[in-house]
Amino acid sequence: MTQSWFYKRLGNGLGTKILRTWLVYSPTKGAAYCFCCLLFARADGHNSALTSSQGFTKWKNIERMDAHENAPSHRACFADWKELERNLRTNSAIDIEVQSVYATEKQKWRYVLSRISHCIKFLATQNLPLRGHRENQCEDVGNIGNFLGLMKLVANFDPIIKDHMTRVSGKSGLDVLSGV
Ligand SMILES: [Zn+2]
């Protein structure tokens, strides 16, 4: 794989080169792949090494890359890719509501994670253990530990953490992660 293969040369006599944005190379596999065909391929699309799991490694048959680039199925996948890219950029994708929910959820988890990491960092710098005798924060008996105690304290002043603590109370770590 050489750098020049990432460019398509136009036969206009001017030596114009166009970057093949669809072409990706995997150093691990030592093979080239077509990004858009892998993502948007249809069942009736043509098969080529650039879309196979092994990837394109026939470096002596580089003209096959041109053939792939000119194939109708590749052009269709390329158009789908660019259309999706444009829609995402202008926020006009049909699943805009779903995306907005994802964005809100992402922001919330970043917020929660940031508070959790600050609590852990604080306890670590104070050389304090995180665990207590009982880790079920619902039980008001026994020592729930510095970490959960601190989180409960934060929850008193922070509605997002309060909501999070209410949702995860009584669940194990795995339950929380799987959203049960
Ligand atoms: Zn392709």
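Values in this document were obtained by computation on a predicted structure and should not be read as measured data.

Asker: How would you explain the overall build of the protein if you had to name every residue and give the values?
Answerer: Counting secondary structure elements, the protein contains 7 helices and 4 strands. The order of α-helices and β-strands along the protein, N terminus first, is β-β-β-β-α-α-α-α-α-α-α. Long-range pairs, those at least 24 residues apart, make up 46% of the contacts in the protein between residues at least 6 apart in sequence.

Asker: Give me the lowdown on a nonpolar patch on the surface, citing residues and values where you can.
Answerer: The grouping of Val-24, Phe-35 and Leu-39 at the surface amounts to a nonpolar patch, some 240 Å² of accessible area in total. Note that Phe-35 resides in helix 1 (residues 35–40). In this structure Phe-35 comes out as partly exposed when scored by relative accessible area, which is 32%.

Asker: Describe the coordination of the zinc ion, and please don't skip the residues or the numbers.
Answerer: At the metal site, the zinc ion is ligated by Cys-34 (SG), Cys-37 (SG), His-68 (NE2) and His-74 (ND1), and these contacts range over 2.0 to 2.2 Å. Taken together, the 4 donor atoms coordinating the zinc ion and their angles of 106 to 113° define a geometry best described as tetrahedral. Expressed as a motif, the donor residue spacing for the zinc ion is C-x2-C-x30-H-x5-H. In this pair, Cys-37 is assigned in helix 1 and His-68 in helix 2 (residues 63–70), connecting sequence segments 31 residues apart.

Asker: I'd like to hear about the pattern of salt bridges, residue by residue, with values.
Answerer: Enumeration over the complete set of coordinates arrives at 6 salt bridges. Across the pair Glu-69 and Lys-8 runs a salt bridge, and its minimum N-O distance is 3.5 Å. Of the two residues, Glu-69 sits in helix 2 while Lys-8 sits in strand 1 (residues 7–9), which places them 61 residues apart along the sequence. Judged by its relative accessible area of 11%, Glu-69 is buried. Among the charged side chains, a network of salt bridges with common partners joins Lys-8, Arg-20, Asp-66 and Glu-69.

Asker: Give me helix 4 (residues 96–125): which residues, what numbers.
Answerer: A rise of 1.5 Å per residue sets the reference length of helix 4, with its 30 residues, at 44 Å; its end C-alpha atoms lie 43 Å apart and thus fit the reference within 8%. Three or more residues of helix 4 are buried, namely Lys-108, Val-112, Cys-119 and Leu-123. On the buried face of helix 4, the contacting elements are helix 5 (146–155) and helix 6 (159–168). A positive backbone phi angle near 60° is found at Asn-127, which sits one or two residues after helix 4.

Cut-offs applied
- Sequence order sets the numbering: in each chain, residues are counted from 1 along the sequence as written.
- This being a predicted model, a pLDDT of at least 70 is required before a residue's local features are given, and a value of 80 or more before pairs of side-chain atoms are given or counted; all residues contribute to the totals for chains, interfaces and linings.
- To obtain the side-chain values, all non-hydrogen atoms of the structure were used and water was disregarded.
- Strands here mean DSSP runs of E at least two residues long; helices mean DSSP runs of H or I at least four residues long; both are numbered from the N terminus.
- Two residues form a contact once any of their heavy atoms are found within 4.5 Å.
- Exposure above 30% relative accessible area and no salt bridge define the residues that can form patches, which grow by joining like charges within 9 Å and nonpolar side chains of Val, Leu, Ile, Met, Phe, Trp and Tyr within 5 Å.
- Computed by Shrake-Rupley with a 1.4 Å probe, the accessible areas treat only the displayed protein chains as cover when residues are assessed.
- For this document, the term salt bridge refers to a Lys or Arg side-chain nitrogen within 4 Å of an Asp or Glu carboxyl oxygen.
- With a 1.4 Å probe rolled over the protein chains alone, any residue whose accessible area is under 20% of its type maximum counts as buried; one over 50% counts as exposed, and the rest are partly exposed.
- Donor atoms: N, O and S within 2.8 Å of the metal, or within 3.2 Å for Na, K and Ca. Because water is excluded, sites can look incomplete.
- Every geometry call rests on angle ranges, with four donors termed tetrahedral when all angles are between 85 and 135 degrees, four termed square planar and six termed octahedral when opposite donors are over 155 degrees apart and all others are between 65 and 115, and everything else termed irregular.
- Helix span is expected to be 1.5 Å times the residue number reduced by one.

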